Amino acid sequence: MRFAITVLFVLGLMGAEAFSPVSPGLGLRRPQRLASVGPSQIHGASGAAIPFAPRKSVPRMSLADEQGGDQVASGGEATPSSCSYAWTKLSQCLSDHYQTTRSIPSIMKGALVLSPSEVETTHLTVNSVFSCPFCTGLHGELGRMSDLGEKSYDLNSADSLDSCLQATPHTGVARYARDFATKGRYDSGDYEQLSSSIGPSRASSVRGLAWFLRWGAFGGNTILSTTKSPSLFKLFFTLYYLPLYAIIKAFSAMLTVFPTKSPKILSQAIGLLLPVIAGVWIVPLGLVGGLAKGWGLIEH
């Protein structure tokens with residue numbers, strides 16, 4: 001039922017783009033002749049709980065409009081911009097949901113093969129670039145509950161790679177996660193370096209977790225930007241995802257009762273539960289994204 005509703009939602013947006021004289025900016029490619037369409041490439045020391053402090057303001061960096069890719073400076077970090085990290089086109093949204101859906105097995109495996117501090121190093125480092133308030137609340141608390149403790153605040157508010165590396169013992173994971181966020185999605189060279197450092201199985205989970213945080217941050221920022229720069233796409237996206245982000249907000253508040261550096265098994269259980277709950281919303285759009293790629297409507 002949810003998948004059918006999602007398909008109707010996407011088709012409605014596509015129809016609005018096709019028949020409206022003013023395009024809402026969904027960014028879908030119009031199909032070319034069948035012969036010219038090729039196959040899609042898949043590529044507190046006391047242990048008491050403390051409220052997670054609001055993150056510091058850090059410079060935002062821009063994402064190119066097409067396909068959600070970053071504009072990257074020669075030094076590797078993304079160039080400064082007032083642009084927020086939010087989806088503005090349906091094509092970007094579907095492409096990222098497709099990749100996140102494919103990453104769900106690796107995300108769940110990460111709760112078992114990675115330590116909680118490695119998991120939250122990935123999440124908080126990516127969020128240090130994307131600056132999603134929902135992710136700050138949730139993963140700030142989860143980071144506090146891991147061996148990162150109060151260092152999780154420093155990691156989430158880091159404004160450079162060096163600041164990230166100083167806030168966590170997992171420097172290889174932090175380096176990959178920061179590069180993932182600033183360079184834009186997937187870089188084979190960065191992944192190979194991570195894989196040689198911590199092993200292919202654990203590296204695939206770090207990559208999946210980076211995609212998971214990217215999805216969560218872009219989703220949260222898209223919802224929050226709807227009132228400032230409304231569009232048909234953002235309105236429907238907010239209606240679709242608002243229940244999930246309300247759950248995230250409530251769950252984040254509940255985590256404040258747990259002590260700093262909680263038992264590992266608790267973090268593992270939460271790490272397995274989160275992608276299952278979020279998948280109820282992610283997977284239907286991910287399946288539509290896969291169909292759209294197969295039909296040549298969007299690219300990676």
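Described below are features of the structure shown in this document. (Residues numbered from 1 in each chain as written. Predicted model: local features only at pLDDT ≥ 70, side-chain atom pairs only at ≥ 80, totals over all residues. Heavy atoms only, no water.)

In the structure shown here, the tally under the stated rule is 16 aromatic pairs. Relative to Tyr245, the ring of Trp215 has its centre 6.3 Å away and its plane inclined at 40 degrees; by these criteria the two rings are tilted. With Trp215 in helix α9 (residues 200-225) and Tyr245 in helix α10 (residues 232-255), this residue pair connects regions lying 30 residues apart in the sequence. Its relative accessible area of 2% is what places Tyr245 among the buried residues. (Phe/Tyr/Trp six-rings, centres within 6.5 Å; stacked < 30°, edge-to-face > 60°. Helix = DSSP H or I, 4+ residues; strand = E, 2+ residues; numbered from the N terminus. Buried < 20%, exposed > 50% of the residue type's maximum accessible area, 1.4 Å probe, protein only.)

Val126, Phe130, Trp215 and Tyr241 are the most contacted members of the largest nonpolar core, which has 55 residues in total. Only α2 (90-113), α3 (116-130), α4 (133-145), α7 (171-183), α8 (188-198), α9, α10 and α11 (264-294) provide two or more residues apiece to this core. Looking at this core, the element that brings in the most residues is α9, giving 11 residues. Ranked by size, the runner-up nonpolar core spans six residues in total, among them Leu124, Leu155, Ala158 and Cys164. (Core = buried A, V, L, I, M, F, W, Y, C linked by side-chain atoms within 4.5 Å.)

Here we take up the packing of α3 against α7. With their axes 8 Å apart at the nearest point, α3 and α7 run at an angle of 30 degrees to one another. Crossing of α3 over α7 shows right-handed handedness. Every residue of α7 that contacts α3 at Glu118, Thr121, Thr122, Thr125, Val126, Ser128, Val129 and Phe130 is listed here: Val173, Ala174, Ala177, Arg178, Phe180, Ala181 and Thr182. Residue classes in the contact of α3 with α7 are distributed as eight nonpolar, five polar and two charged. (Axes fitted to C-alpha atoms, helices over the stretch in contact; angles between N-to-C directions. Left-handed = near helix turned anticlockwise from the far one by under 90°. Contact = heavy atoms within 4.5 Å. Nonpolar A, V, L, I, M, F, W, Y, C, P; charged D, E, K, R; others polar.)

What follows concerns unusual backbone geometry. Even without being glycine, Ser131 reaches a positive phi, approximately 55 degrees. Turning to its location among the elements, Ser131 is positioned in the loop between α3 and α4. The residue Lys261 is not glycine, and still its phi comes out positive at about 55 degrees. Here Lys261 shows up in the loop between α10 and α11.

We now examine a nonpolar patch on the surface. A contiguous nonpolar patch, built from Leu232, Leu235, Phe236 and Leu239 and spanning about 360 Å² of accessible area, is present on the exposed surface. Looking at where Leu232 falls in the secondary structure, it is placed in helix α10. (Patch = residues over 30% accessible without salt bridge, like charges linked within 9 Å, V, L, I, M, F, W, Y side chains within 5 Å. Areas by Shrake-Rupley, 256 points an atom, 1.4 Å probe, with all protein chains shown as cover. Salt bridge = Lys/Arg side-chain N within 4 Å of Asp/Glu carboxyl O.)

Inspection of the secondary structure puts Ile104 in helix α2. Ile104 sits 174 residues away from Ala278 along the chain, and the two C-alpha atoms are 9.8 Å apart. For Ile104, the contacting residues outside a window of four places in its chain are Gly279 and Val283.

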